[in-house]
Amino acid sequence: MVAFLKYSLIRLALFVPLFVLFYFLGTGAILAVVCAGVIAFAISYLFFQKQRDAATGAMRERFSGRAKPLRSAGEVDDAAAEDSLVEQNPDVAINNDKRPGSA
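Please read these numbers as outputs of a predicted model, since none were measured by experiment. (Residues numbered from 1 in each chain as written. Predicted model: local features only at pLDDT ≥ 70, side-chain atom pairs only at ≥ 80, totals over all residues. Heavy atoms only, no water.)

(A) Examining the overall build of the protein chain more closely. Looking only at helices and strands, the protein chain features four helices and zero strands. Viewed in the frame of its principal axes, the protein chain has a C-alpha envelope of about 70 × 30 × 25 Å. Sequence-distant contacts, at least 24 apart, represent 47% of the contacts inside the protein chain between residues at least 6 apart. Accessible surface for the protein chain amounts to roughly 8,200 Å². Of this, 64% is attributable to carbon and sulfur atoms. Averaged over its 11 positive side-chain charges, the protein chain has a centre that lies 18 Å from the centre of its 10 negative ones. (Helix = DSSP H or I, 4+ residues; strand = E, 2+ residues; numbered from the N terminus. Contact = heavy atoms within 4.5 Å. Areas by Shrake-Rupley, 256 points an atom, 1.4 Å probe, with all protein chains shown as cover. Lys, Arg positive; Asp, Glu negative; His and termini not counted. Charge placed at Lys NZ, Arg CZ, Asp CG, Glu CD.)

Put into structure tokens, the structure is as follows:
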């Protein structure tokens, strides 16, 4: 995810000054966004291929189903509490596989 964030920041760093430039040239806000977006895209596509490929690889890995799930500290604590509850009370059954509303 670091590669994706790095590439996104590069694109943002290209977009913002271009937007400001076009806006102060009097093109209007919408046209400034479009022009800055197109030029930032072209520059990043032509000159930042290595960063783009790394970002693409990071996203592919994240959404492939093989990546380790991201869990917050609260989720980890909740899972630990749930595990200890189940271990202490074998008669308690927790079924997280059911969708809400199904029997």
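(B) Molecular detail of the packing of aromatic side chains. As enumerated under the stated definition, the model contains four aromatic pairs in all. Members of the aromatic cluster, connected to one another through ring pairs, are Phe15, Phe19, Tyr23 and Phe24. (Phe/Tyr/Trp six-rings, centres within 6.5 Å; stacked < 30°, edge-to-face > 60°.)

(C) Expanded view of the nonpolar core. Counting residues in each nonpolar core, the largest one holds seven residues, listed as Ile10, Leu14, Leu18, Phe22, Ala32, Ala36 and Ala40. Every element with two or more residues in this core is listed here: α1 (2-24) and α2 (29-47). Counting residues per element, this core draws most heavily on α1, which supplies four residues. Dropping the residues within four chain positions of it, Leu14 is found in contact with Ala40, Ile43, Ser44 and Phe48. (Core = buried A, V, L, I, M, F, W, Y, C linked by side-chain atoms within 4.5 Å. Buried < 20%, exposed > 50% of the residue type's maximum accessible area, 1.4 Å probe, protein only.)

(D) The arrangement of the packing of α1 against helix α3 (residues 49-63) in detail. At a minimum axis separation of 7 Å, α1 and α3 run at an interaxial angle of 135°. Comparing their axes, α3 and α1 come out oblique. Note on packing geometry: the crossing formed by α1 with α3 is left-handed. Every residue of α3 that contacts α1 at Ala3, Phe4, Tyr7 and Ile10 is listed here: Gln51, Arg52, Ala54, Ala55, Ala58 and Met59. (Axes fitted to C-alpha atoms, helices over the stretch in contact; angles between N-to-C directions. Parallel < 35°, antiparallel > 145°, perpendicular 65-115°, else oblique. Left-handed = near helix turned anticlockwise from the far one by under 90°.)

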